[in-house]
Structures are given as structure tokens and as C-alpha cells.
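As a plain string of letters, each chain reads:
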Amino acid sequence: MTFPLTPFMRAAALALGLAASGAAMAQTAICYNCPPEWADWGSQIKAIKAKTGITVPPDNKNSGQSLAQMTAEKASPVADVTYLGVTFAIQAQKDGLVTTYQPPAAWKEIPDGLKDPAGHWFTIHSGTLGFMVNVDALKGKPVPQSWADLLKPDYKGLIGYLDPASAFVGYVGAVAANQARGGTLENFGPGIDYFKALQKNEPIVPKQTSYARVLSGEIAILLDYDFNAYRAKYKDQANVQFVIPAEGTLVVPYVMSLVAGAPHAAEGKKVLDFVLSDEGQALWGNAYLRPVRASAMPKEVQARFLPASEYARAKTVDYGRMAAVQKAFSDRYLAEVK
């Protein structure tokens, strides 16, 4: 036997439906620059959903595009969290685009220098820049071992690097090349000259991550991080080598932040908690990134990295200064190289 719904019952049902809808919507956290092909964010996003119930939609922006979008949306933010190269995070902090959050379970384990003391940003993992080489795509040519090698005519049409004026990994590549050629953060002349010379080899310069283009052989040599090269070699079974150039390179942190005025701040904080948790950090390790919590690096993964003697050529820099001079470099690159 059924009874007709009274106006009160209909209103109650509607209210329950709206509440359920609101709860479902609240289980989403928008992350800018969380591309599934980069650093195996795809696995991290799946794990976040499985562990917390929070959906993080994939996002293919790079660091520069994320910063620009957050700037445009400052009065009415869309993103809840963001993943950035450290120089972009420092700029986001200066611009008031991110706010403080210190994940309680992991904060003390993040070394000083790899986090803003107040919590505007903190490192989740780091990578070392080098050459990600699809050996098959070289078609018998030797694997390049140095920055100087990339200038050889043999590699014409085979080299790629992300846009240094937009993507953080592109800027890291420019700083690394500049330092290796005798430049400093106060003198980008050697780096600019290097990229001018590299234009003779007709490099491919995309704005977004180009992992798939290396696997397909479209780009044979990409300036990229060790974690992407190891992932290609061990997970995707590609004939890929990672090379730390003979003249030296950089190791750099990647960080995350809670967006100022985040519409789903509570969910965003849960995402930040997860990526620093034992499970989240192990996932970064399994993707061949160095977790900021060193104890979370799986031993069997560490054994697949190049020897420590190779990594001795990877140096740190003053990341605050690197951030401060980034715009000047970008302007000069666009004026003189691009």
C-alpha cells in the first residue's frame, strides 16, 4: 500500500537529495598540474580515490600554466591544491595564491630547506635532470653523454626539451645547461648561447610533458628527469637509457601547496596528507622519484638507479634565487632564442 507524499515529505526528500549531492561534490579536490603521464600521477590519483574516496581529476597544465590560471582566478579560486616546480611555488607564495598547511603526520620529517617554514609549500619528491634517450630511435647513433654531444649534427631532429619559458622542467634544463657551460644564476649568457647553438639541430619544443612522444620514438633524446626515464625502462619495458651529462646537472624538488581560498580545502588537505603518507611516498618511490621522506624509498627501486658516483654530478642551487631570476631568463630566452 502506498501513501501520497505530503508537501513536507517532498521537501524533506528534496533536502536529503541535495545533501547527498553536496556530499558527492565535496568528495572532489581540484589539483592543478597533476598529469597522469608525468611522475606517474595516474597511480597516485587512483590511490587517493581508493584510500580517501576523494576524486582528483587529471590535469595536464604545466607549472607556468597553473600559476597563470591561479593568478586569473585569484578572486574566485577553482583549484584546491597545486603541484609545482619549486621556483613557481615560491612565486605563488609571493603572489598570495597559496596558503599555509603543515600535514601533521609528516611535517617534521621534511628537511629544512625543502619546505616553506610556515607551510606555503613543501617538497613531496625530487628528481635529477638528464637525458632520457630512446636508444632504438637513435638508429645506431651513439647515446649522447654530454651537453656538448647534443650540439653535434648527428642528432639533428632527434632532440626535445620542454619550453623553458613555461614548463618548470624546461627551466631546470636551461639552468643545468647554463651552469654546466660555466654560467651562474647571475649570468645566463652561456645557457642562452647554448640554446641558440642547439637550434641548428632543429629541436622539438613542446609545452607539456612528452613522455609518450619519447616512447613512440618521435623524440629520441629528451631533457627530462631520471624518474621518467626509469619508469620507461622498467615499467613500460622501453629501450630507454638515462644519462647524467658529463659536465653536470641539477637535482630539484617538486612541491605541493594548498590554494588560498580553496573551495574544497578540507578535501585538499586530505590529498596533501596522502601524498606524504607512507603509502603515497612509496608510490612516488615506485615511480622512481626520490620521496622527500627518504625512509619511504623501496630498496629494490633504489637499486635500479644509476650509481651514486654518477649522481655526484647532480648539484643543488639556491632555489629562491633560481625563482627570482626566472622571469628575466624567460624574457631573454623568448627574445633571443625562440
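Small disclaimer: the values here were computed from a predicted structure and weren't measured.

Rules used in this analysis
Per chain, residue numbering runs from 1 following the sequence as it is written. In keeping with the model being predicted, local features are shown solely for residues with a pLDDT of at least 70 and side-chain atom pairs are shown and tallied solely at 80 or more, while totals for entire chains, interfaces and linings include all residues. Processing note: side-chain calculations cover all non-hydrogen atoms of the structure and skip hydrogens and water entirely. Elements are defined by DSSP. Helices are runs of H or I of four residues or more, strands are runs of E of two residues or more, and each kind is numbered from the N terminus. Residue contacts are defined here by distance: any two heavy atoms, one from each residue, within 4.5 Å place the two residues in contact. To qualify as a nonpolar core, a set must consist of buried Ala, Val, Leu, Ile, Met, Phe, Trp, Tyr and Cys residues joined through side-chain atoms within 4.5 Å. The buried label applies to any residue whose accessible area, calculated with a 1.4 Å probe on protein chains only, is under 20% of its type's maximum; exposed applies above 50%, and partly exposed to all values in between. A strand pair is defined by DSSP finding two or more bridges across the two strands. Salt bridges, as used here, are contacts in which a Lys or Arg side-chain nitrogen is within 4 Å of a carboxyl oxygen on Asp or Glu. Two aromatic rings, drawn from Phe, Tyr or Trp (for Trp, its six-membered ring), form a pair once their centres lie within 6.5 Å of each other, and the interplanar angle then sorts them: stacked below 30 degrees, edge-to-face above 60, tilted otherwise. By definition, being over a ring means that NZ of Lys or CZ of Arg is both within 6 Å of the ring centre and within 35 degrees of the ring normal.

Trainee: Which parts of the structure should I look at to understand the side chain of Ser210?
Mentor: Note that Ser210 resides in the loop between α6 (189-198) and α7 (211-215). If sequence neighbours within four positions are ignored, Ser210 has contacts with Leu162, Ile219 and Leu222.

Trainee: What is the right way to look at the nonpolar core in this model?
Mentor: In globular proteins that are soluble, nonpolar side chains generally tend to be buried together. Grouped together as the largest cluster of nonpolar side chains are 110 residues, with contacts concentrated most on Trp41, Tyr83, Ile221, Tyr225 and Met322. The contact partners of Ile221, leaving out residues within four places of it in the chain, are Phe131, Met132, Val133, Leu138, Pro144, Leu150, Tyr155, Leu158, Ile159 and Gly160.

Trainee: It is not clear to me how the pairing of strand β4 (residues 122-134) should be interpreted in this structure. Could you clarify?
Mentor: In regular strands, side chains alternate between the two faces of the sheet. Across the 13 residues that make up β4, a large majority, 13, are buried. Note: β4 against strand β9 (residues 290-291), 2 bridges, orientation antiparallel. Of the residues in β9, the one forming a bridge with Ser126 is Arg290. The pairing of β4 with strand β6 (residues 221-225) spans 5 bridges and is classified as antiparallel.

Trainee: When you look at the pattern of salt bridges in this model, what are you seeing that I'm missing?
Mentor: A full pass over the atoms with the stated rule returns 15 salt bridges. Two residues, Asp149 and Lys152, come together in a salt bridge whose shortest N-O distance is 3.0 Å. Given a relative accessible area of 41%, Lys152 falls into the partly exposed group. The residue Lys207 makes a salt bridge to Asp163 at a minimum N-O spacing of 2.8 Å. Here Lys207 is found in the loop between α6 and α7, whereas its partner Asp163 is found in the loop between β5 (159-160) and α5 (168-180), with 44 residues between them in sequence.

Trainee: Would you explain the packing of aromatic side chains in this entry?
Mentor: Aromatic rings considered in pairs are described by the distance between their centres and by the relative angle of their planes. Here the structure, examined in full by the defined rule, presents 25 aromatic pairs. Ring geometry for Trp107 against Phe122: centres 6.0 Å apart, planes inclined by 90°, an arrangement best described as edge-to-face. Linking Trp107 in the loop between β3 (98-99) and β4 with Phe122 in strand β4, this pair joins segments that are 15 residues apart in sequence. Of the two residues examined, Trp107 and Phe122, each falls in the buried class. On the numbers, 5.4 Å between centres and 90° between planes, the contact of Phe131 with Trp147 is edge-to-face. Of the two residues, Phe131 is situated in strand β4 and Trp147 in the loop between β4 and β5; the sequence distance between them amounts to 16 residues. Put simply, the rings of Trp38, Trp41, Tyr83, Phe88, Phe168, Tyr225, Phe227, Tyr254 and Trp284 pair up and form one aromatic cluster. Lying over the aromatic face of Tyr32, Lys61 brings its terminal NZ or CZ to 4.0 Å of the ring centre. The aromatic ring of Tyr211 is capped on one face by Arg231, whose charged end is 4.2 Å from the ring centroid.

Keep in mind these numbers describe shape, not what the thing actually does.
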